[in-house]
Amino acid sequence: MIRFDNVSVVYDGAPAPALSGVDLAVPEGELALLVGPSGVGKSTLLGAVSGLVPHFTGGTLRGRVTVGGRDTRDHPPRELADLVGTVGQDPLSHFVTDTVEDELAYGMESLGLPADTMRRRVEETLDLLGLADLRDRPIASLSGGQQQRVAIGSVLTPHPRVLVLDEPTSALDPAAAEEVLAVLQRLVHDLGTTILLAEHRLERVIQYADQVIVLPTPAATPLTGTPPEMMAI
Ligand code: ADP
Ligand code: ADP
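Numbering of residues starts from 1 in each chain and follows the order in which that chain's sequence is written. Working convention: letters from A go to chains and numbers from 1 go to ligands, in the order in which they are written. Local features in this predicted model are restricted to residues of pLDDT 70 or higher, and side-chain atom pairs are both shown and tallied only at a pLDDT of 80 or more, whereas totals for entire chains, interfaces and linings draw on every residue. Think of the side-chain values as coming from all heavy atoms in the structure, minus any hydrogens and water.

Where an unreviewed UniProt entry is consulted, the protein appears under the name Putative HMP/thiamine import ATP-binding protein YkoD, with the organism given as Streptomyces smaragdinus.

Okay, structure coming up:
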């Protein structure tokens, strides 16, 4: 479902590639965990799946990224919106409406679906994520774990086959993180969603993963320039 063939990304003006020669394959209906220390290129890799890299970030992508058979270089993110849903670390930065129900509906607005389909999908997603009792609540009044479930719900209503999540539990306490991870597990099992999850706290998520993708830390950059002259004493 997700495939990288020898993918490298160089941001404009950056001294070193953010990703270098990455090969990977995530089969349909699997949860793959992407691990590595901060700065190793996890967000860049997720962005290459959603098409954000390089369409929105600039820079150059070499090699080939395909999602559901589509080459992401040929499709800007809006053309991948029905295929790939993206959730980040901070759910608050994600929201565009005030209430839970409106937020779930918002993600479908550009798809041109009939009103009754949209309503049904909102109901299904509220149930799936255990949000039905919170439907009319202002998002700002919810706990962190509830907000992150709303963020996931809002990208689910277009029925994406792939979900990419960038450290979705990093702002959550352990109990709320469990809530979110349980929801992801349900998506894989009940809907066959393919999930790529970046996380630096391996112990939190490893039990849920079918595959662990480790991004290597780049070799230490050699010092450039000529060393200072030795002073003759
Ligand atoms: P991670 O998610 O593992 O922390 P990132 O993909 O965010 O890693 O970053 C990888 C490298 O690319 C870092 O050195 C980072 O500073 C750089 N980088 C990330 N985004 C950009 C951008 N839009 N422009 C230039 N450099 C970037
Ligand atoms: P419609 O376009 O009428 O909503 P679909 O064919 O897209 O119907 O979906 C049919 C079924 O697929 C739904 O009833 C639901 O169970 C399931 N489904 C597939 N993907 C998702 C998803 N991301 N979120 C919720 N349900 C989904």
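Further notes follow.
(A) A negative patch on the surface, seen in detail. There is a patch of like negative charges on the surface, built from Asp-98, Asp-102, Glu-109 and Asp-136. For the purposes of this entry, the term helix denotes a DSSP run of H or I that reaches at least four residues, the term strand denotes a run of E that reaches at least two, and both are numbered from the N terminus. Mapped onto the secondary structure, Asp-98 falls in the loop between β6 (84-87) and α4 (100-106). Only protein chains enter the accessibility calculation, which uses a 1.4 Å probe; a residue whose area is less than 20% of its type maximum is buried, one above 50% is exposed, and one in between is partly exposed. Overall, Asp-98 belongs to the exposed group, its relative accessible area being 61%. Every patch collects residues that have over 30% relative accessible area and no salt bridge, joining them within 9 Å if they carry like charges and within 5 Å if they are nonpolar side chains (Val, Leu, Ile, Met, Phe, Trp, Tyr). Areas reported here follow the Shrake-Rupley algorithm with a probe of radius 1.4 Å; residue values treat only the protein chains shown as occluding. Here, a salt bridge means any Lys or Arg side-chain nitrogen found within 4 Å of an Asp or Glu carboxyl oxygen. Positive charges are assigned to Lys and Arg, negative charges to Asp and Glu, while His and the chain termini are left out of the count. In plain terms, the charge of a residue is placed at NZ if it is Lys, CZ if Arg, CG if Asp and CD if Glu.

(B) Fine view of the site of ligand 1. The nearness test applies per residue and asks whether one of its heavy atoms lies within 4 Å of the molecule or strand. Taken together, Tyr-11, Ala-18, Pro-37, Ser-38, Gly-39, Val-40, Gly-41, Lys-42, Ser-43 and Thr-44 make up all the residues around ligand 1. Between N or O atoms, a polar contact is any pair within 3.5 Å; within protein, one atom must be a potential hydrogen donor and the other a potential acceptor, and residues adjacent in sequence are included only when both atoms are from side chains. Val-40 places a main-chain nitrogen or oxygen 3.2 Å from an oxygen atom of ligand 1. Residues were grouped as follows: Ala, Val, Leu, Ile, Met, Phe, Trp, Tyr, Cys and Pro as nonpolar; Asp, Glu, Lys and Arg as charged; and all remaining residues, including Gly, as polar. Taken together, the residues that form the shell around ligand 1 break down as four nonpolar, five polar and one charged.

(C) Helix α5 (residues 115-128), seen in detail. Working rule for helices: expected span equals 1.5 Å times residues minus one. Across its 14 residues, α5 extends 20 Å between first and last C-alpha, which sits within 8% of the 20 Å expected from 1.5 Å per residue. Among all positions in α5, only Thr-117, Met-118, Arg-121, Val-122, Thr-125, Leu-126 and Leu-128 are buried. The contact criterion used is simple: two residues touch if any of their non-hydrogen atoms lie within 4.5 Å. If you follow the buried residues of α5, they end up packed against α4, α6 (144-156) and α7 (174-191). Residue Gly-130 follows α5 closely and has a positive phi angle near 65 degrees.

(D) Spatial organisation of the site of ligand 2. Every residue lining ligand 2 is accounted for by Thr-117, Arg-120, Arg-121, Glu-124, Leu-156, His-159, Pro-160 and Leu-191. Separating an oxygen atom of ligand 2 from a side-chain N or O atom of Arg-120 is a distance of 2.8 Å. Here His-159 contributes a side-chain N or O atom positioned 2.8 Å from an oxygen atom of ligand 2. In isolation ligand 2 has 570 Å² of accessible area, and contact with the protein removes 58% of it. The element contributing the most residues to the shell around ligand 2 is α5, with four residues. Among the residues making up the shell around ligand 2, the classes are represented as three nonpolar, two polar and three charged.

(E) Layout of the pairing of strand β7 (residues 162-166). In terms of burial, β7 is largely enclosed, as five of its five residues are buried. Burial along β7 is two-sided: Val-162, Val-164 and Asp-166 facing one way and Leu-163 and Leu-165 facing the other are all buried. At least two DSSP bridges between two strands are required for those strands to pair. Here β6 runs beside β7; their pairing, made up of four bridges, is parallel. For Val-84, the partnering residue across the bridge sits in β7 and is Val-162. Both β7 and strand β8 (residues 194-198) contribute to a ladder of five bridges, which runs parallel. Note that in β8 the partner of Asp-166 across the bridge is Ala-198. Whether a crossover is right-handed depends on one test, that the path from the first strand over the helix to the second runs clockwise when the strands point away from the viewer. Once the chain exits β7 it traverses α7 before rejoining the sheet at β8, and the crossover so formed is right-handed.

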